[in-house]
Amino acid sequence: MSQLIDGKALAAKLRGQIREQAQEYRQRYGEEIGLAVVLVGNDPASEVYVRNKIKACEEVGIRSYSYRLPAETRQEQLEELIDTLVEDRRVHGILVQLPLPKHLDERAALSRIPAAKDVDGFCAENVGNLAMGRETLVACTPHGVMKMLEEYGVDPKGKRAVVLGRSNIVGKPMAMLLLNADATVTVCHSKTQGLQEICAQADILVVAIGRAKFVTADMVKEGAVVIDVGMDRDENGKLCGDVDFASVQGKASLITPVPGGVGPMTITMLLYNTVVAARRSK
Ligand code: GUN
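Residues numbered from 1 in each chain as written. Predicted model: local features only at pLDDT ≥ 70, side-chain atom pairs only at ≥ 80, totals over all residues. Heavy atoms only, no water.

Caption draft 1: Spatial organisation of the overall build of the protein chain. Check the secondary structure of the protein chain and you find ten helices and eleven strands. Computed over C-alpha atoms, the radius of gyration of the protein chain comes to 19 Å, within 12% of the 19 Å expected from 2.2 N^0.38 for 282 residues, which places it in the range of a compact globule. Along the first, second and third principal axes, the C-alpha set of the protein chain runs to 50 × 40 × 35 Å. Looking at the protein chain as a whole, 49% of its 282 residues are labelled buried. In the protein chain, the share of contacts with a sequence separation of at least 24, taken over all contacts with a separation of at least 6, comes to 71%. Counting 35 positive and 36 negative side-chain charges, the protein chain places the centres of these two groups 2 Å from one another. (Helix = DSSP H or I, 4+ residues; strand = E, 2+ residues; numbered from the N terminus. Rg over C-alpha atoms; globule rule 2.2 N^0.38 Å. Buried < 20%, exposed > 50% of the residue type's maximum accessible area, 1.4 Å probe, protein only. Contact = heavy atoms within 4.5 Å. Lys, Arg positive; Asp, Glu negative; His and termini not counted. Charge placed at Lys NZ, Arg CZ, Asp CG, Glu CD.)

Caption draft 2: Structural view of the sheet that holds strand β4 (residues 93–96). The strand order β3-β2-β4 describes an open sheet built from three strands, whose pairing is parallel. At either end of the open sheet lies a strand with only one pairing partner, and these are β3 (63–69) and β4. Looking at each pair of strands side by side, their axes are set apart by 15 degrees on average, direction ignored. Taken together, the seven bridges between strand β2 (residues 34–40) and β3 define a ladder with parallel strand orientation. Note on β3: the bridge partner recorded for A36 is Y65. Each of β2, β3 and β4 is contacted by helix α2 (residues 44–60), which is oriented at about 165 degrees to β2, the strand it contacts most. The sheet strands contacting helix α3 (residues 75–87) are β2, β3 and β4, and the helix crosses β2 at an angle near 175 degrees. (Pairing = 2+ DSSP bridges. Axes fitted to C-alpha atoms, helices over the stretch in contact; angles between N-to-C directions.)

Caption draft 3: View of the site of the ligand. Close to the ligand lie K53, L95, V96, Q97, L98, D120 and F122. Here a nitrogen atom of the ligand sits 3.3 Å away from a polar atom, N or O, in the side chain of Q97. One nitrogen or oxygen atom from the main chain of L98 is found 2.9 Å from a nitrogen atom belonging to the ligand. Burial of the ligand by the protein chains amounts to 81% of its free accessible area of 280 Å². Each residue belonging to the shell around the ligand can be placed in one class, and the counts come to four nonpolar, one polar and two charged. (Near = heavy atom within 4 Å. Polar contact = N/O pair within 3.5 Å; in protein donor to acceptor, adjacent residues only side chain to side chain. Areas by Shrake-Rupley, 256 points an atom, 1.4 Å probe, with all protein chains shown as cover. Nonpolar A, V, L, I, M, F, W, Y, C, P; charged D, E, K, R; others polar.)

Caption draft 4: Geometry of the pairing of β2. Summarising burial for β2: seven of the seven residues are buried, a large majority. With burial as the criterion, each face of β2 is covered, one bearing G34, A36, V38 and V40 and the other bearing L35, V37 and L39. Handedness of the crossover joining β2 and β3 through α2: right-handed. Pairing of β2 with β4, which is carried by four bridges, proceeds in the parallel orientation. Bridged to A36 within β4 is I94. (Right-handed = clockwise from strand over helix to strand, strands pointing away.)

Caption draft 5: Spotlight on unusual backbone geometry. Here the bond from L98 into P99 is cis, since omega is 0 degrees, no more than 30 degrees from zero. With respect to the helices and strands, the residue P99 is situated in the loop between β4 and α4 (106–110). A cis amide bond, omega 0 degrees, links V258 with the succeeding residue P259. Looking at the element boundaries, P259 is found in the loop between β11 (254–255) and α10 (263–280). In this structure, D182 is a non-glycine residue whose phi angle is positive, near 70 degrees. Positionally, D182 belongs in the loop between α7 (171–180) and β6 (184–188).

Caption draft 6: Structural detail: the environment of R160. Topologically, R160 is positioned in strand β5 (residues 160–164). Looking at R160, the relative accessible area reads 44%, which means it is partly exposed. Each C-alpha atom, one on R160 and one on D182, is 9.6 Å from the other, the two residues being 22 residues apart in sequence. For R160, the residues in contact, after removing those within four places along its chain, are T184, Q201, A202, D203 and I204. Here Q201 takes part through its side chain, which lies 3.2 Å from a polar atom of the side chain of R160.

Given below as structure tokens:
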């Protein structure tokens, strides 16, 4: 049987530490740590994410500034708001929830956020720092995965790590983090040939492709650590991950459940990055 990696419990523990850090910051500097959250339009999934982010801020004593813009917002209006937040001294981190409505230029909008306030770790400067192994604001989901590995005593050094998925938000930064931690890293994607054999060699397998129950037992090495970043729906509409949990569970040594695995860690690392950004501003 595999041991479960309890993301919910680890998130709660880290949020306790973040709450203390936010309090220390208030006492030391006489001001609150602030996070601006921008949501454009009414994508239902984004609404849930944003609500959870704001709630998480409240719980740890980070002040959130929430901005809801209508779906028909023009590029200049969005950029004007971002520019205001960049200048606002109460705001230490700026998060623009993605995806933006199709008519908006995501890249142009995000490029207005300076690296110091980029708590998502998406901008070229922060990604570049990560690629060069420098300390920086790191994308929340892969950062959370590294914290989980650390908590469960999994040292990537010398291990074979396979990352399934090459998105800018998860796959690529995940691969860089594992490489920086001295793993031997392979990144697989939709055009990869011999996927099953490659995955089956992984000591650490991180899956972030958004396809329900895609990874089955034959793709997993006995005793591997399996991290499931997916948030999908199965044939009955039930929440599930990219890994076929029932089939892989007996084979992996450690595995994240969905829900209750990586999910709670993502928002936690956003809070963590916001504290880092605030401290660095001093
Ligand atoms: N949409 C899905 N995941 C994310 C994320 O981590 N950050 C932002 N800003 N938008 C997202």
